[in-house]
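This is what each chain is made of:
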Amino acid sequence: MRSEVRRVKVYLSSTVSDLEKYRAAVLARLRKLPLDVIAMEDYAAFDERPLEKCLADVASCDVYVGLFAFRYGYVPDVGPQNPDGRSITELQYRKAGEAGRKRLIFLVEDGASWPMGHVDALTDPGAPSATGIKRLRDELKKVHGIGWFTNPGDLAADVVSAVAADLQLPPGAIAPPRPVAEPPHPRKLVHDLHLLHAPKDREAAAQLAAAVGAMWNVTTSSTDLLTNTPQEMLTLDRAVTAARTVGLLLSPPLMTVLAENPDRTRRVLNLARARTGHPLLGIVTPGSDPDTVATEAAQWDITETLAESATLTLPNRVHAALLQTVGLQRPDHEIGLPVVVVAMTDTEADGLLGTASGQVREILEGFGLPPESIRARYGTTRVDWKPFGAEGLLIAQVLESAVSGLSEPDLRLRGRKIRLQPYLFDDLLSYDLAHSLVFQDIARNGCLVVADELSLLDPDLNDAFRASPLYEGPQISLITLSPGDPAAGTPHELIRQVLAERLHHPHYRFDDALDPLCEMNVASRRHLDRWLRASLPQTLDAYRNARPSADKARRLEAELGTRPTGAMARLVTEG
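**Observations regarding unusual backbone geometry**
And step 1. One non-glycine residue, D301, lies in the positive phi region at around 60°.
And step 2. For D301, the position within the fold is in the loop between α11 (290-298) and β10 (304-306).
And step 3. Given a relative accessible area of 55%, D301 falls into the exposed group.
And step 4. Phi angles above zero are rare outside glycine, and L514 is one such case at about 55°.
And step 5. Within the secondary structure, L514 sits in the loop between α21 (504-512) and β15 (518-522).

Below you can see the structure in the form of structure tokens.
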């Protein structure tokens, strides 16, 4: 008679309500292995008390798998099995250690996007559970090699790999390996706060970053405010576009740095404001006079300042500010999309309308739009442009609405979320060399350009656009918006003719090459939304996958003496 072979037992432990989806994913994968898996989900049929039963199961298992987020969990009554008033999750962990079982530990990453209601430190900061989970997480990090996780699929695959490796299961026993993860998108937002500070405040910046680091991903820089050269501007741009908001550590040394070179300071601060879409966060260093520092900071349009008070520490003030501006519900895959708006200001519109003659006058008169109604479409800045009439939305609102609608059903974006990151057309009009590499970078790797066709009739704007890298950038998604209905006939055909004469390359992409990333003469918001929904997913992918460079490939082939290959062309890109 053949004896029965005992199957290896694995115990899965975690809090339940906050990790339900994660437990389900792990259980589904573990139960495909030749194992007996024990979990809280199996206890409903037992009459024994849950604590006694689950601790007995932990002691009898071969491998303990513990998943930990930011909840301490249910605490059974104090008694012989729980003299110290610990949670059932911690008791399971310690029982596995007492029984000499292998313990595989997985933690949600510090600062990961996580529901506020499932973070004990936020729901009840003064409760024992808040200190309990922090103490337990700190201990786990010190004692174990940690597997970090942020989503159910990756966690399940990592748990299966760890269990299989520990038990030395044959390769065929493991479920098919997960596909190789995509490399991180180059414009993925990975930081919550990018903190600029004076070189003398390096220690204070590090202490503040560490104090809020449990919930927020903070980077610091003592050199970004000293940015001058094109290469330094490109480095600054990449640091800022990876963050959701930018702050300054306000102190007397910082005010000295800001005042040393006002032009440099304005350039850096304007870039930070434009990319994040938030006011700059001014954080007053302890020991500085808050009123004096706030007054000096206001000269640089830093109007929101945070200072320590008798009731709130500085880290608490920063935490509250980030909750308001960033929020805890940060998307796991938020991608920054460079966007440039080419439109007139109200002053430029006055100049164009007041001197309109020839074809420009014919276009304006043909659409039947009174000069005052056209003038009302433009405001103090370029983003004040209202593309679909004076009563409509600003261009920034139109684009945000379209992007929001695209992100909701995530099929097109494959779970990613777009965050628009504006680049100012004024930086091109000024011909400031400091911005040259920044615009070359987004033109080469992918960005969205939205242009007003009337504004392109302005000679200065047209010349600046044609002289910029955006005019013939290989990865540019370009759309031009018409001032009137294409059904108007003659004026519409006339503006197309004028633009074809002035914008040879975009017109070729649109009319001859039928490039789906180039659309012209759009006169309705519905048409704009439809084009954005189709083009933006391609734009994001274009930024990840730079086009092969035929010239570079040929030069490399000549050096190596090989025949052309597709693989070589893919490796040698324009980026």
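What follows picks up the thread again.
**Quick look at the sheet that holds strand β7 (residues 218-221)**
And step 1. Spatial strand order, β7-β6-β8-β9-β10: five strands in an open sheet with parallel pairing. Unpaired on one side and paired on the other, β7 and β10 mark the two borders of the sheet. In this sheet, neighbouring strand axes are inclined to one another by 30° on average, regardless of whether the strands run parallel or antiparallel.
And step 2. Both strand β6 (residues 191-196) and strand β8 (residues 243-250) contribute to a ladder of five bridges, which runs parallel. The partner of H194 across the bridge, within β8, is V246.

**Concerning the sheet that holds strand β11 (residues 334-342)**
And step 1. Spatial ordering of the open sheet is given by β12-β11-β13-β14-β15, a layout of five strands whose pairing is parallel. The sheet is open, and its two borders are formed by β12 (417-423) and β15, each paired with just one other strand. Neighbouring strand axes in the sheet, compared pairwise and without regard to direction, differ in orientation by 20° on average.
And step 2. Note that strand β13 (residues 447-452) and strand β14 (residues 476-481) share six bridges and pair parallel. Its bridge partner lying in β14, C447 is registered against I476.

**Comments concerning the pairing of β6**
And step 1. Within β6, six of the six residues are buried, leaving the element largely enclosed by the surrounding structure.
And step 2. Sheet analysis places β6 next to β7, joined by four bridges and oriented parallel. Note that in β7 the partner of L193 across the bridge is V218.
And step 3. In this fold, β6 hands off to helix α7 (residues 202-212), which returns the chain to β7; that crossover is right-handed.

**Quick notes on the side chain of Q92**
And step 1. Structurally, Q92 is set in helix α3 (residues 88-98).
And step 2. By relative accessible area, Q92 is classed as buried at 2%.
And step 3. If sequence neighbours within four positions are ignored, Q92 has contacts with Y11, S13, S14, M40, C54, L55, V58 and Y64.

**Description of the packing of aromatic side chains**
And step 1. Per the stated rule, a full pass over the model turns up seven aromatic pairs.
And step 2. Between F68 and Y93 the ring centres are 6.5 Å apart and the planes differ by 90°, which places this aromatic pair in the edge-to-face class. Of this pair, F68 sits in strand β3 (residues 63-68) while Y93 sits in helix α3; the two residues are 25 residues apart in sequence, bridging distant segments of the chain. Across the pair, exposure class does not vary: F68 and Y93 are buried alike.
And step 3. Ring plane angle 75° and centroid distance 6.1 Å describe the contact between Y423 and F439, whose orientation is recorded as edge-to-face. Note that Y423 is positioned in strand β12 and F439 in helix α18 (residues 436-445), a separation of 16 residues in sequence. Side by side, Y423 and F439 carry an identical accessibility label, which is buried.

**Describing the pattern of salt bridges**
And step 1. Within this structure, the stated rule accounts for 20 salt bridges.
And step 2. Here R86 ties to E90 by a salt bridge, and the two come within 3.5 Å at their closest N and O atoms.
And step 3. For E90, a relative accessible area of 0% translates into the label buried.
And step 4. We note a salt bridge from D441 to R238, for which the minimum N-O separation is 2.9 Å. Of this pair, D441 sits in helix α18 while R238 sits in helix α8 (residues 230-241), placing them 203 residues apart in sequence.
And step 5. Judged by its relative accessible area of 46%, R238 falls in the partly exposed class.
And step 6. In this structure, a network of salt bridges that share partners links the residues R86, E90, R94, R135 and E139.

**Concerning the packing of α7 against helix α12 (residues 314-325)**
And step 1. Between α7 and α12, whose axes approach to 9 Å, the crossing angle comes to 60°. If you check the angle between α7 and α12, you find them oblique. At the point where α7 passes α12, the crossing takes the right-handed sense. Contacts from L208, A211 and V212 in α7 reach L314, P315 and V318 in α12.

**With respect to the nonpolar core**
And step 1. Counting residues in hydrophobic clusters, the biggest one holds 85 residues, and the most contacted among them are L225, L248, L250, V340, V449, F465 and L470.
And step 2. Among the elements that take part in this core, β11 stands out by supplying six residues, more than any other.
And step 3. Residues contacting L225, with those up to four places away along its chain left out, are L196, H197, L248, L254, V257, L258, R264, V268 and L269.
And step 4. Grouped together as the second largest cluster of nonpolar side chains are 48 residues, L12, L104, L193 and L328 included.

**Some points on helix α5 (residues 128-143)**
And step 1. Taking 1.5 Å per residue, 16 residues should reach 22 Å; α5 reaches 22 Å between its end C-alpha atoms and fits that length.
And step 2. Of the surrounding secondary structure, the elements contacted by the buried residues of α5 are β3, α3, β4 (102-108), α4 (120-123) and β5 (147-149).

The rules we used
Residues numbered from 1 in each chain as written. Predicted model: local features only at pLDDT ≥ 70, side-chain atom pairs only at ≥ 80, totals over all residues. Heavy atoms only, no water. Helix = DSSP H or I, 4+ residues; strand = E, 2+ residues; numbered from the N terminus. Buried < 20%, exposed > 50% of the residue type's maximum accessible area, 1.4 Å probe, protein only. Pairing = 2+ DSSP bridges. Axes fitted to C-alpha atoms, helices over the stretch in contact; angles between N-to-C directions. Right-handed = clockwise from strand over helix to strand, strands pointing away. Contact = heavy atoms within 4.5 Å. Phe/Tyr/Trp six-rings, centres within 6.5 Å; stacked < 30°, edge-to-face > 60°. Salt bridge = Lys/Arg side-chain N within 4 Å of Asp/Glu carboxyl O. Parallel < 35°, antiparallel > 145°, perpendicular 65-115°, else oblique. Left-handed = near helix turned anticlockwise from the far one by under 90°. Core = buried A, V, L, I, M, F, W, Y, C linked by side-chain atoms within 4.5 Å. Expected span 1.5 Å × (residues − 1).

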